[in-house]
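Each chain, letter by letter, is given below.
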Amino acid sequence: MTTHIHLVKLSVGTEGVDDLEAWQKLPQTHTADGLPRHVTRMWPKREPQILAGGSIYWVIKGQIQARQRILRLEEVDRGDGIRRCAIVLDPHLIRTASALRRPFQGWRYLKPEDAPKDLPQGREGDDALPPELSAALADIGLL
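A brief look at the structure comes next. (Residues numbered from 1 in each chain as written. Predicted model: local features only at pLDDT ≥ 70, side-chain atom pairs only at ≥ 80, totals over all residues. Heavy atoms only, no water.)

A few words on the overall build of the chain. Of the regular secondary structure elements, the chain holds three helices and seven strands. Mapped in sequence order, the helices and strands of the chain form the string β-α-β-α-β-β-β-β-β-α. Counting only residues that meet the buried cut, the chain has 41% of its 143 residues in that class. Restricting to contacts in the chain with at least 6 residues of sequence separation, those with at least 24 account for 69%. About 8,500 Å² of surface is accessible on the chain, with carbon and sulfur atoms providing 52% of the total. (Helix = DSSP H or I, 4+ residues; strand = E, 2+ residues; numbered from the N terminus. Buried < 20%, exposed > 50% of the residue type's maximum accessible area, 1.4 Å probe, protein only. Contact = heavy atoms within 4.5 Å. Areas by Shrake-Rupley, 256 points an atom, 1.4 Å probe, with all protein chains shown as cover.)

This part is about the packing of aromatic side chains. Counted under the stated rule, the structure contains one aromatic pair. A centroid spacing of 5.1 Å and a plane angle of 70° characterise the contact between Trp107 and Tyr109, whose relative ring orientation is edge-to-face. On the basis of relative accessible area, Trp107 is assigned to the buried category, the value being 14%. Positioned above the aromatic ring of Tyr109, the side-chain terminus of Arg46 is 4.9 Å from the ring centre. The aromatic ring of Trp43 is capped on one face by Arg83, whose charged end is 4.2 Å from the ring centroid. (Phe/Tyr/Trp six-rings, centres within 6.5 Å; stacked < 30°, edge-to-face > 60°. Lys NZ or Arg CZ within 6 Å of the ring centre and 35° of its normal.)

This part takes up the pattern of salt bridges. This model, assessed by the stated rule, comprises eight salt bridges. For Lys61, the salt bridge goes to Glu15, with nearest N and O atoms at 3.3 Å. Placement of the pair is Lys61 in the loop between strand S3 (55-60) and strand S4 (63-77) and Glu15 in the loop between strand S1 (6-10) and helix H1 (17-24), with a sequence separation of 46 residues. Among the residues examined, Glu15 registers a relative accessible area of 53% and is labelled exposed. For Arg67, the salt bridge identified is with Asp118, shortest N-O distance 2.8 Å. You can see Arg67 sitting in strand S4 and its partner Asp118 sitting in the loop between strand S7 (107-110) and helix H3 (131-139), a full 51 residues away along the chain. The class for Arg67 is buried, based on a relative accessible area of 15%. Looking at Asp118, the relative accessible area reads 35%, which means it is partly exposed. Salt bridges sharing partners connect three or more residues here, namely Asp33, Arg72 and Glu74. (Salt bridge = Lys/Arg side-chain N within 4 Å of Asp/Glu carboxyl O.)

What follows deals with the environment of Pro36. On the secondary structure map, Pro36 appears in the loop between H1 and strand S2 (37-40). Pro36 sits in the buried class, given a relative accessible area of 4%. When the C-alpha positions of Pro36 and Asp90 are compared, they lie 7.1 Å apart, and in sequence the two are 54 residues distant. In contact with Pro36, other than residues within four places in its own chain, are Gln24, Thr29, His30, Gln68, Ile87, Val88, Leu89, Asp90 and Pro91.

For the rest of this paragraph, the subject is H1. Within H1, the full set of buried residues consists of Val17, Leu20 and Gln24. Buried positions in H1, seen along its axis, are confined to an arc of 60° and lie on one side of it. Where H1 is buried, its residues contact S3, S4, strand S5 (83-89) and strand S6 (94-100). (Arc of directions from axis to C-beta.)

Shown next, in the form of structure tokens:
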């Protein structure tokens, strides 16, 4: 049985990992203790598994390109009666091998065995492959 689970989330409006990193440095994206967070309307039902070592994998331009460790979940109240969930993240973005993902709303669970591998040290600055090349390499089992 899987002891932990990950989330996959679209990073809407970002052009690359550097954009995501810059956005997360804005003060309005931080918790009171200065950590980056992403606020979502839905609260994950599998919270214990997420907090047992899960990460959020970011889909940028149709491909998973990076991940961040999930540190905790916090309730957010914006005064409108809607309970929201702040996914509090480790500030360190870890670039991953590219993995194609179709657009979706919200977030999805991702089993550890299905998660793309972290890029080796020294390859963090590599650009993502074009989607067509990524798809072709995945089709022949090289990605």
